[in-house]
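# Structure assessment
Spelled out from the first residue to the last, the chains are:
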Amino acid sequence: MNESFLHYIWQFQYFKKDDLRTSEGEALQIFQPGMRNSNAGPDFEEGKIRIGKLEWRGSIEIHINASGWNDHHHSDDQAYEKVVLHVVWENDKPIQRTDGSMMPTLELKYRVDVTLWNRYKKLFTSVEAIPCANSWSKVANITKLSMLEKTVIQRLESKSELVKALLLKNNNDWEETCYQLLCKNFGFKVNTEPMLQLAQVLPYKTLLKHLDKSIQIEALLFGQAGFLEKVKEDEYTAVLKREYNLLGKKYSLKAIQMNVVQWRFLRLRPANFPTVRLAQLASLLSSQKNLFSKMLESTSYKHLTGFLEIEQSQYWQHHYQLGKKSKTVVPSFGKSSVQNIMINTITPLLAAYGQLHAEQVLLARAVEILQHIPAENNKIIREWSGLGCKVTSAFDSQGLIELYNSYCMKRRCLECNIGLNIIKS
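Residues numbered from 1 in each chain as written. Predicted model: local features only at pLDDT ≥ 70, side-chain atom pairs only at ≥ 80, totals over all residues. Heavy atoms only, no water.

## Observations concerning the overall build of the protein
- When you go through the protein residue by residue, the secondary structure sums to 17 helices and eight strands.
- Expected size for 425 residues packed as a compact globule is a radius of gyration near 22 Å; at 29 Å, the protein overshoots this value by more than 25%.
- A principal-axis box enclosing the C-alpha atoms of the protein has dimensions of 90 × 50 × 40 Å.
- In the protein, buried positions account for 51% of the 425 residues.
- Long-range pairs, those at least 24 residues apart, make up 60% of the contacts in the protein with a sequence separation of at least 6.
- Total accessible area on the protein is roughly 21,300 Å²; 49% of this is exposed by carbon and sulfur atoms. (Helix = DSSP H or I, 4+ residues; strand = E, 2+ residues; numbered from the N terminus. Rg over C-alpha atoms; globule rule 2.2 N^0.38 Å. Buried < 20%, exposed > 50% of the residue type's maximum accessible area, 1.4 Å probe, protein only. Contact = heavy atoms within 4.5 Å. Areas by Shrake-Rupley, 256 points an atom, 1.4 Å probe, with all protein chains shown as cover.)

## Examining the layout of surface pockets
- Of the voids in this model, the largest pocket is the one considered here, and its volume is about 1,100 Å³.
- As for the largest pocket, its lining consists of 39 residues, of which Phe188, Lys189, Asn340, Asn344 and Glu376 are closest to the centre.
- Among the elements that take part in the lining of the largest pocket, helix H13 (residues 335-356) stands out by supplying seven residues, more than any other.
- Per-class residue counts for the lining of the largest pocket are 15 nonpolar, 16 polar and eight charged. (1 Å grid on protein atoms, 1.4 Å probe; cavity = no way out; pocket = protein on both sides within 12 Å on 5 of 7 lines; lining within 4 Å. Points joined across faces, edges and corners; volume = space filled by probe spheres on them. Nonpolar A, V, L, I, M, F, W, Y, C, P; charged D, E, K, R; others polar.)

## Some details on the pairing of strand E3 (residues 44-51)
- When strand E1 (residues 28-32) meets E3, the two strands line up antiparallel, connected through four bridges. Note on E3: the bridge partner recorded for isoleucine 30 is isoleucine 49.
- Inspection of the sheet shows strand E2 (residues 35-36) paired to E3 by two bridges, in the antiparallel sense. If you follow arginine 36 over to E3, its bridge partner there is phenylalanine 44.
- Taken together, the six bridges between E3 and strand E4 (residues 54-65) define a ladder with antiparallel strand orientation. Bridge assignment links lysine 48 to a residue of E4, and that residue is arginine 57.
- In textbook terms, the turn of a hairpin is the stretch between consecutive antiparallel strands, and for E3 and E4 this stretch comprises two residues, one of which, glycine 52, has a positive phi near 65°. (Pairing = 2+ DSSP bridges.)

## Some thoughts on helix H5 (residues 174-185)
- Here H5 contains twelve residues, and its C-alpha end-to-end distance of 16 Å stays within 8% of the 16 Å for a straight helix at 1.5 Å per residue.
- Buried within H5 are the following residues: Trp174, Glu175, Glu176, Thr177, Cys178, Tyr179, Gln180, Leu181, Leu182, Cys183, Lys184 and Asn185.
- Against the buried residues of H5 lie helix H4 (141-169), helix H6 (192-201), helix H7 (204-208), helix H10 (274-287), helix H11 (291-297) and H13.
- Backbone nitrogen of glutamate 175 and a side-chain oxygen of the N-cap are separated by 3.1 Å at the start of H5; the cap is aspartate 173. (Expected span 1.5 Å × (residues − 1). Polar contact = N/O pair within 3.5 Å; in protein donor to acceptor, adjacent residues only side chain to side chain.)

## Quick word on the environment of isoleucine 153
- Along the chain, the position of isoleucine 153 falls in helix H4.
- Under the relative-accessibility criterion, isoleucine 153 is labelled partly exposed at 26%.

## Concerning the pattern of salt bridges
- Taken as a whole, this structure holds seven salt bridges when the rule is applied.
- Residue lysine 241 is joined to glutamate 233 by a salt bridge in which the shortest nitrogen-to-oxygen separation is 3.3 Å.
- Of the charged contacts in the structure, one is a salt bridge between arginine 412 and glutamate 415, with a shortest N-O distance of 2.8 Å.
- Taking relative accessible area as the criterion, glutamate 415 reaches 42% and is therefore assigned partly exposed. (Salt bridge = Lys/Arg side-chain N within 4 Å of Asp/Glu carboxyl O.)

## Brief notes about H13
- Across its 22 residues, H13 extends 31 Å between first and last C-alpha, which sits within 8% of the 32 Å expected from 1.5 Å per residue.
- Considering bend angle alone, the principal kink of H13 is centred on methionine 342 and spans about 35°.
- The buried fraction of H13 amounts to 16 of the 22 residues, a majority that puts the element mostly inside the structure.
- Backbone geometry just downstream of H13 places alanine 358 in the positive-phi region, at approximately 50°. (Bend = angle between axes of the 7 residues up to and from the residue.)

## Topic: the packing of helix H14 (residues 360-372) against helix H16 (residues 394-408)
- One way to put it is that H14 packs onto H16 with a least axis distance of 6 Å and a crossing angle of 105°. In terms of orientation, H14 and H16 fall into the roughly perpendicular class. Residues Val367, Leu370 and Gln371 of H14 pack against Ala394, Phe395 and Gln398 of H16.
- Tallied by class, residues from the contact of H14 with H16 come to four nonpolar, two polar and no charged. (Axes fitted to C-alpha atoms, helices over the stretch in contact; angles between N-to-C directions. Parallel < 35°, antiparallel > 145°, perpendicular 65-115°, else oblique.)

## Describing empty space enclosed by the protein
- Under the criterion given, the structure shown has one cavity of 30 Å³ or more.
- In this structure, the largest cavity occupies an estimated 90 Å³ of space.
- Of all the secondary structure elements, the ones that give two or more residues to the lining of the largest cavity are H16 and helix H17 (417-424).
- A per-element tally of the lining of the largest cavity places H16 first, with three residues.
- Looking at side-chain class alone, the lining of the largest cavity contains ten nonpolar, one polar and one charged residues.

## Things to note about the pairing of E4
- Bridge count for E4 against strand E5 (residues 83-90) is six bridges, and the pairing is parallel. From the neighbouring strand, serine 59 faces E5, where its bridge partner is valine 83.

In structure tokens:
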């Protein structure tokens, strides 16, 4: 037995209610089980019950054993003075209030259908990555869809928390925040942290002054990233060095310049080298001014993807690294990369702005964007596909990733519509 299951039993009142009595033998009626409290203090608040002839309003506390009250030192906590009923699986010890009166206690051990516990235990102890894998096909599609809609919103809200954290550091500058998140995601997992650091040591407001000269944007990015130190020199790198030396002194950048060893190349396909990604980022920044404003103004998926369809400068179409010419043409920013930026940069920014400015239309737009993007293909999605899930869009894949990470892996079956459906069946 665990307390999560008891919380579920109490919240939904899944126990026999005939002749309810407290441990002291007094008649008990439950009018309202109360609202679940996710903060410190009793488990449920604003419960309403009747014991004998008296009605009580207050908190409900849940424990497996009644002795848990003393084990958790609730008698020393003023927050528990408002508890009107102690709900336990087993009443192993009489509990007294601080004034010496007995704590009204309800024992559930013999009032709960054992099949409910068995179904929950089967889910909770499953060795499968997805606990309900064996019961998945029995759950109605409408139940699955309602949970998917919930987890998509949760994933957007979770990602928007990073946006809000960056925004706070940037003194509510949305353009700077957009630039930093964009840079971070141009790192594509392996180089996300150095990319974010680069954005923080090379402010967007500095780059804005040079957007009309793409070579200066490249010089600032590659120079501040540390790639111009000890590099094999050719005509292009000589120009970058010259430009960076001038601009680095002008904006006092050299003291906070990054070290080239911070960047990872190992086990990356050349097209994903951070040098190539920086060149593509430079192309995007040079072609678009005030990126965040453009994201807010864009009302169509096609328009949003349009300004992300970029091609790096001529030099970087034939080089994967500085000073080393490639025998093959370097691919431009592909569709999958565009979709990645849409999922991890644009939709979280729209969701965060919508939340902070009470503009629900922006959250709806973020969801709509996900519905236009093809589904991702990774290990988690393949797990769901193996159960027969039809994963057609990023809306599906993002929802399923959140469901897997936040519910399945943590065995939060009692907080999942699908898990609840299986237990109640």
